[in-house]
Amino acid sequence: ALELKSIPGAVVGEWSISRPGQFTDEDQADFALKQVLAYNHASHGWFFWNWHDHDFYPDWDLERGVFQKGKLPNPLGAPELQGFLHPDWEDRTGELPSQVSGMWPKLMG
């Protein structure tokens, strides 16, 4: 999230809760929430991969695989929409924490 925050105007264009291995529903819910919080903190927005896909791929389906299975609340509430993965990183000034400087080359000006 810190690296993403250092890129001006970043938007997360695709994400899902799919990943290799076997995970419990609780693990997947935690993974989904941490992604939302990281993208809230570090970008100007995000898009989930797909609203509705084949039944065979529920982890790529926001409607049936995430919302209907309770892995994220529907609708997303204030904690999900306004929360941050690491609240101590947010100083509300728009400045990056000092530990981020130098992680990415300057992309603008």
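Thresholds applied
- Residues numbered from 1 in each chain as written.
- Predicted model: local features only at pLDDT ≥ 70, side-chain atom pairs only at ≥ 80, totals over all residues.
- Heavy atoms only, no water.
- Helix = DSSP H or I, 4+ residues; strand = E, 2+ residues; numbered from the N terminus.
- Contact = heavy atoms within 4.5 Å.
- Patch = residues over 30% accessible without salt bridge, like charges linked within 9 Å, V, L, I, M, F, W, Y side chains within 5 Å.
- Areas by Shrake-Rupley, 256 points an atom, 1.4 Å probe, with all protein chains shown as cover.
- Salt bridge = Lys/Arg side-chain N within 4 Å of Asp/Glu carboxyl O.
- Buried < 20%, exposed > 50% of the residue type's maximum accessible area, 1.4 Å probe, protein only.
- Core = buried A, V, L, I, M, F, W, Y, C linked by side-chain atoms within 4.5 Å.
- pLDDT = per-residue confidence, 0-100.

The subject of this paragraph is the environment of His52. For His52, the position within the fold is in the loop between helix H2 (25-42) and helix H3 (62-67). In the structure, His52 is positioned 11 residues away from Glu63 in sequence and 5.9 Å away in space, judged by C-alpha atoms. Setting aside residues no more than four positions away along its own chain, His52 makes contact with Asp61, Glu63 and Arg64.

Taken together, the side chains of Trp49, Phe56, Tyr57 and Trp60 make up a nonpolar region of the molecular surface, amounting to roughly 470 Å² of accessible area. Position of Tyr57 among the secondary structure elements: in the loop between H2 and H3. For Tyr57, a relative accessible area of 40% translates into the label partly exposed.

For Gln35, the position within the fold is in helix H2. Look at Gln35 and you get buried, because its relative accessible area is 10%.

The next subject is the environment of Trp51. Turning to its location among the elements, Trp51 is positioned in the loop between H2 and H3. In this structure the C-alpha to C-alpha distance between Trp51 and Asp61, which are 10 residues apart in sequence, comes to 5.4 Å. In this structure Trp51 touches Asp61, Leu62, Glu63 and Phe67, once residues within four positions along its chain are discounted.

Take the nonpolar core next. The biggest cluster of nonpolar side chains holds 13 residues, and the ones touching the most others in it are Trp15, Val66 and Leu72. For this core, the secondary-structure elements that each account for two or more residues are H2 and H3. Top contributing element to this core by residue count: H2, with 4 residues. Not counting residues within four places of it along the chain, the set of residues in contact with Leu72 comprises Trp15, Ala32, Leu33, Val36, Val66 and Phe67.

In low-pLDDT regions, the fine details of the predicted coordinates are not to be read closely. Per-residue confidence for the chain averages 77 on the pLDDT scale, and 76% of its residues sit at or above 70. At the low end of the mean pLDDT range in the chain sits helix H1 (residues 2-5), at 70; at the high end sits H3, at 90. Residue range residues 99-109 is modelled with pLDDT below 50. Its contacts to residues more than four positions away, or to other chains, number 11 contacts.

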